[in-house]
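As a plain string of letters, each chain reads:
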Amino acid sequence: MDNKISVTRSSMPSLDEYVEEIRTLWDSHWLTNMGTKHKQLQTELEEYLGISHVALYTNGHLALENAIAALNLPQGGEVITTPFTFASTTHAIVRNGLVPVFCDINEKDYTIDPMKIESLISDRTVAIVPVHVYGNMCDVEKIDKIAKKYGLKVIYDAAHAFGVKYKGISAACFGDASMFSFHATKVFNTIEGGAICFKNDNWVQLLDDQKNFGIHGPESVCYVGGNAKMNEFQAAMGVCNLRHLECEIAKRKKIVARYRERLSSVEGIHLNAIQENVESNYAYFPVVFDGYKYTRNEVYEMLLEEGIMARKYFYPLTNSFECYRNYPTAGAEKTPIAQHFALRVLTLPLYADLDLENVDRICDLILGN
Ligand code: T4K
């Protein structure tokens, strides 16, 4: 048995399958700039996700930055968001010249609490950027109602939610747009990569301009864009991994079932609530230690001593990052529920090929057996 276990491990096709997929790239010498693999993956994803438009990016963060930029919001506008997330979410807002206003999360699934959004809306509020954290769906219906009532834009950070469905509809389909991350650590990866999913036909040209220098032809540049294109090797990895996605999710489901079986009725150990009407992708397995015989940090250290690297996703909260210290909206004390969970949550190792013996070993260590 392999003794070292990380929080996750990239899903990969066989080497032969990938080599076969990239053979045409070798032959053609066409490596990037929206070639055939890029087009193929885009079409396959539009079909799989049931959305009219998918734009592919070099990574999820640039996808999110570009999605927010596409809204063309007034500089200094306020964006209501969650601090219980990866650095990328808050950075994407700030790097667009906007001000993050941190809203607390709910206790059930750690997503933004829609009941608290309205009290944060001011005449400077321009958008909401919620996060389907761990692949848990936000309350998309309530968020939609609030957005419509106040005329706000909504971009979902769906970095964790590829393969998740709410009432049979893909996480790609909510808000003005949704962003997926296809990073190596995700349920579906393109090595690095990301996507914006959207319905607005006018965005097709705009997003293209943003991610390819605004170039319309060899002698025509119409927009001050940057470069955020997914390359052909990333896209080829995506084409391969998409073939195995269902099987990967099914394997993860079994691992999660075993974790739940072992940890669910233990006093002081709290598991992520199972969401109604949601088909999960089993992206992460967060466990909250509250009133347990060991603290979160003790469990973390105990596992580490045995070569098991669980992670404290998402501690610290982004509203307590050093780089936001001088922001008027910063401060973990302003989002006490998020802070409560950030101090107590540990995401346990979870990936398709994690064997059940190792899941049992991890549970035995946590339970002190
Ligand atoms: N929004 C949210 C809510 C996000 O969580 C993220 C990214 C984004 C936006 C931005 O999307 P991207 O621009 O990243 O596409 C990792 C990932 O780098 C990051 O994608 C992810 N969220 C975040 C939650 O986790 P680290 O710093 O924890 O990763 P790292 O390098 O420590 O890797 C964790 C484990 O994964 C390793 O111990 C082993 C395994 N691993 C890692 C790599 C790099 C592999 O098996 N293969 C690999 O290639 O950030």
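How each quantity is defined
Residues numbered from 1 in each chain as written. Predicted model: local features only at pLDDT ≥ 70, side-chain atom pairs only at ≥ 80, totals over all residues. Heavy atoms only, no water. Pairing = 2+ DSSP bridges. Helix = DSSP H or I, 4+ residues; strand = E, 2+ residues; numbered from the N terminus. Axes fitted to C-alpha atoms, helices over the stretch in contact; angles between N-to-C directions. Near = heavy atom within 4 Å. Polar contact = N/O pair within 3.5 Å; in protein donor to acceptor, adjacent residues only side chain to side chain. Areas by Shrake-Rupley, 256 points an atom, 1.4 Å probe, with all protein chains shown as cover. Nonpolar A, V, L, I, M, F, W, Y, C, P; charged D, E, K, R; others polar. Domains from an automatic or database assignment. Buried < 20%, exposed > 50% of the residue type's maximum accessible area, 1.4 Å probe, protein only. Contact = heavy atoms within 4.5 Å. Patch = residues over 30% accessible without salt bridge, like charges linked within 9 Å, V, L, I, M, F, W, Y side chains within 5 Å. Salt bridge = Lys/Arg side-chain N within 4 Å of Asp/Glu carboxyl O. Disulfide = S-S within 2.5 Å.

Undergrad: Now, about the sheet that holds strand 15 (residues 345–348): what can you tell me, with residues and values included?
TA: Strand order across the open sheet formed by 3 strands is 12-14-15, with antiparallel pairing between neighbours. Edge strands, defined here as strands with exactly one partner in the open sheet, are strand 12 (269–271) and strand 15. For this sheet, the mean angle separating the axes of adjacent strands, direction not counted, is 35 degrees. Of the strand pairs in this sheet, strand 14 (residues 285–289) and strand 15 are connected by 4 bridges, and their pairing is antiparallel. Within strand 15, the residue paired with P286 across the bridge is T347.

Undergrad: Can you lay out the site of the ligand for me, pointing to particular residues and giving the numbers?
TA: With respect to spatial proximity, 27 residues lie near the ligand, and among them D157, H160, S181, R311 and Y313 are the closest. Within the backbone of G60, one N or O atom sits 2.9 Å away from an oxygen atom of the ligand. H183 places a side-chain nitrogen or oxygen 3.2 Å from an oxygen atom of the ligand. Coverage of the ligand by the protein chains reaches 74% of its 920 Å² of free accessible surface. Class assignment of the residues belonging to the shell around the ligand gives a composition of 9 nonpolar, 14 polar and 4 charged. Split by domain, the shell around the ligand shows at least three residues from each of two domains, domain 1 (15–243) and domain 2 (245–367).

Undergrad: Before we move on, could you go through the environment of I169 and cite the residues and values that matter?
TA: Within the fold, I169 resides in strand 7 (residues 169–170). Look at I169 and you get partly exposed, because its relative accessible area is 38%. The sequence separation of I169 and I51 amounts to 118 residues, and the corresponding C-alpha distance is 9.6 Å. Once residues within four sequence positions are removed from consideration, I169 is found in contact with V164 and F174.

Undergrad: Can you explain a nonpolar patch on the surface? Please cite residues and give values.
TA: Taken together, the side chains of F213, I215 and V221 define a hydrophobic patch exposed on the protein surface, amounting to about 270 Å² of accessible area. With respect to the helices, strands and loops of the structure, F213 is situated in the loop between helix 7 (203–211) and strand 10 (215–217).

Undergrad: How would you summarise the pairing of strand 8 (residues 177–181) if you had to cite specific residues and measurements?
TA: Consecutive side chains along a regular strand alternate between the two faces of the sheet. Burial of strand 8 is extensive: 5 of the 5 residues sit out of reach of the surface. Side-chain alternation along strand 8 places A177, M179 and S181 on one buried face and S178 and F180 on a second face that is also buried. Two elements, strand 5 (residues 153–157) and strand 8, share 3 bridges in a ladder whose sense is parallel. If you follow D157 over to strand 8, its bridge partner there is M179. Summarising the sheet, strand 8 and strand 9 (residues 194–198) pair through 5 bridges and their orientation is antiparallel. Residue pairing across strands places S178 opposite C197, the latter belonging to strand 9.

Undergrad: Summarise the pairing of strand 1 (residues 53–57); cite the residues concerned and give the values.
TA: The buried fraction of strand 1 amounts to 5 of the 5 residues, a majority that puts the element mostly inside the structure. Burial along strand 1 is two-sided: the face carrying H53, A55 and Y57 and the face carrying V54 and L56 are both buried. Pairing analysis gives 5 bridges linking strand 1 to strand 9, with the strands arranged antiparallel. In the sheet register, L56 faces strand 9, and the bridge partner there is A195.

Undergrad: Summarise the state of the cysteines; cite the residues concerned and give the values.
TA: Counting across every chain of the model gives 0 disulfides. Between C103, a cysteine without a disulfide, and C138, which holds the nearest cysteine sulfur, the sulfur-to-sulfur distance is 10 Å.

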